[in-house]
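Observations on the model geometry
Single-letter residue listing:
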Amino acid sequence: QQQVKQSPQSLIVQKGGISIINCAYENTAFDYFPWYQQFPGKGPALLIAIRPDVSEKKEGRFTISFNKSAKQFSLHIMDSQPGDSATYFCAAPPRGGAQKLVFGQGTRLTINP
Amino acid sequence: EAGVAQSPRYKIIEKRQSVAFWCNPISGHATLYWYQQILGQGPKLLIQFQNNGVVDDSQLPKDRFSAERLKGVDSTLKIQPAKLEDSAVYLCASSFTGGRLAYEQYFGPGTRLTVT
């Protein structure tokens with residue numbers, strides 16, 4: 001059974017700090033690993049994604065790091081801002097995938113001003 | 001570009017009643033997904049369509065849930081009869097089909113269902 005385990009469940013970071021959210025996967029297709037951001041009352045929105053043939057991808061203040069041997073990938077938010085306060089979900093395509101995603105449980109991030 | 005549209009945004013019903021949700025995907029997106037998101041959890045896939053056809057409905061409680069996508073565009077998800085545990089946000093998403101673009105899913109705002 002495909003699983004995506006995300007940690008921590010909640011995270012509080014001071015403005016300007018670094019937010020780090022981790023995701024571990026098993027029994028997934030080795031293809032594409034996205035992170036989604038969800039604000040209250042909104043649907044999730046694709047934030048950033050990484051292919052497994054690279055170890056890191058950076059877009060502005062957001063970076064994904066990928067560790068193939070550990071079957072983990074993580075989201076780093078540099079210079080965290082109050083506007084980054086949201087719930088973040090990692091996802092992975094399950095094995096045999098049919099182009100769908102399995103989502104983690106989510107991390108509620110709060111950035112204190 | 002218009003996003004994924006969903007209606008209604010909120011719905012309150014009593015248990016054993018029926019309810020229907022509507023979704024209009026992004027134009028050109030052949031794949032449509034319905035997810036259930038229980039408070040504090042990640043989205044859980046209920047059903048995936050590609051054009052008119054069902055690709056995956058393995059997690060759809062078929063004794064009470066049904067979904068259709070007529071003409072390969074709009075879709076409706078129905079619950080009949082509803083149970084208390086169906087209280088959740090129902091999210092519709094769409095994507096292109098094929099390659100990694102299929103994993104770039106665009107979500108609607110969701111319908112918050114409360115069953116009392």
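One can find the structure itself at the top, above this paragraph.
One structure accompanies this document, and this report is about it. (Residues numbered from 1 in each chain as written. Chains lettered and ligands numbered in written order. Predicted model: local features only at pLDDT ≥ 70, side-chain atom pairs only at ≥ 80, totals over all residues. Heavy atoms only, no water.)

**Focus: the overall build of chain A**
- Helix and strand content of chain A: 0 helices and 11 strands.
- Taken against the 2.2 N^0.38 rule, which gives 13 Å for 113 residues, the C-alpha radius of gyration of chain A at 13 Å falls within 12% of a compact globule.
- Oriented by its inertia axes, the alpha-carbon framework of chain A measures out at about 45 × 30 × 20 Å.
- Residues counted as buried form 48% of the 113 residues belonging to chain A.
- Put simply, chain A shows about 5,400 Å² of open surface, and 47% of that area lies on carbon and sulfur atoms.
- Across chain A, the mean location of the 12 positive side-chain charges is 5 Å away from that of the 7 negative side-chain charges. (Helix = DSSP H or I, 4+ residues; strand = E, 2+ residues; numbered from the N terminus. Rg over C-alpha atoms; globule rule 2.2 N^0.38 Å. Buried < 20%, exposed > 50% of the residue type's maximum accessible area, 1.4 Å probe, protein only. Areas by Shrake-Rupley, 256 points an atom, 1.4 Å probe, with all protein chains shown as cover. Lys, Arg positive; Asp, Glu negative; His and termini not counted. Charge placed at Lys NZ, Arg CZ, Asp CG, Glu CD.)

**Here's the deal with the overall build of chain B**
- Secondary structure summary: chain B contains 0 helices and 11 strands in total.
- From first element to last, N terminus to C terminus, chain B shows the α and β order β-β-β-β-β-β-β-β-β-β-β.
- Rg of the C-alpha trace for chain B: 13 Å, near the compact-globule value of 13 Å for 116 residues, within the 12% margin.
- Each of the three principal axes of chain B carries a C-alpha extent, and together these read 40 × 25 × 25 Å.
- Burial analysis of chain B (116 residues in total) assigns 45% to the buried set.
- Contacts spanning at least 24 positions in sequence make up 53% of the contacts within chain B whose residues lie at least 6 apart.
- For chain B, the computed accessible surface area is about 5,600 Å², with 51% contributed by carbon and sulfur atoms.
- Taken together, the 13 basic and 10 acidic charged side chains of chain B have centroids lying 4 Å from each other. (Contact = heavy atoms within 4.5 Å.)

**So, the layout of surface pockets**
- The volume enclosed by the largest pocket comes to roughly 650 Å³.
- Together, 31 residues line the largest pocket, and Gln38(A), Thr87(A), Arg108(A), Leu39(B) and Gly40(B) are the ones closest to its centre.
- Elements with a contribution of two residues or more to the lining of the largest pocket: β9 (86-92) and β11 (107-112) of chain A together with β9 (88-95) and β11 (111-115) of chain B.
- For the lining of the largest pocket, the residue count by class is 13 nonpolar, 14 polar and 4 charged. (1 Å grid on protein atoms, 1.4 Å probe; cavity = no way out; pocket = protein on both sides within 12 Å on 5 of 7 lines; lining within 4 Å. Points joined across faces, edges and corners; volume = space filled by probe spheres on them. Nonpolar A, V, L, I, M, F, W, Y, C, P; charged D, E, K, R; others polar.)

**Side note on the state of the cysteines**
All names here are of chain B.
- Scanning the entire structure with this criterion turns up 2 disulfides over all chains.
- Each sulfur in the disulfide pair Cys23 and Cys92 lies 1.9 Å from the other. With the S-S bond torsion at -70 degrees, the cross-link from Cys23 to Cys92 turns out left-handed. In this pair, Cys23 is assigned in strand β3 (residues 19-24) and Cys92 in strand β9, connecting sequence segments 69 residues apart. (Disulfide = S-S within 2.5 Å.)

**Considerations on the interface of chain B and chain A**
- Listed per partner, the contact involves 25 residues of chain B and 19 residues of chain A.
- Buried area between chain B and chain A, summed over both chains or domains, comes out near 1,900 Å², and the portion from carbon and sulfur atoms is 51%.
- Looking only at chain B, the three residues that lose the most surface to chain A are Arg100(B), Tyr103(B) and Phe107(B), adding up to 36% of its buried area.
- Counting the contacts that link chain B with chain A gives 1 salt bridge. (Buried area = accessible area lost by both parts, 1.4 Å probe. Salt bridge = Lys/Arg side-chain N within 4 Å of Asp/Glu carboxyl O.)

Such coordinate-based values are descriptive only and should not be taken to indicate function.
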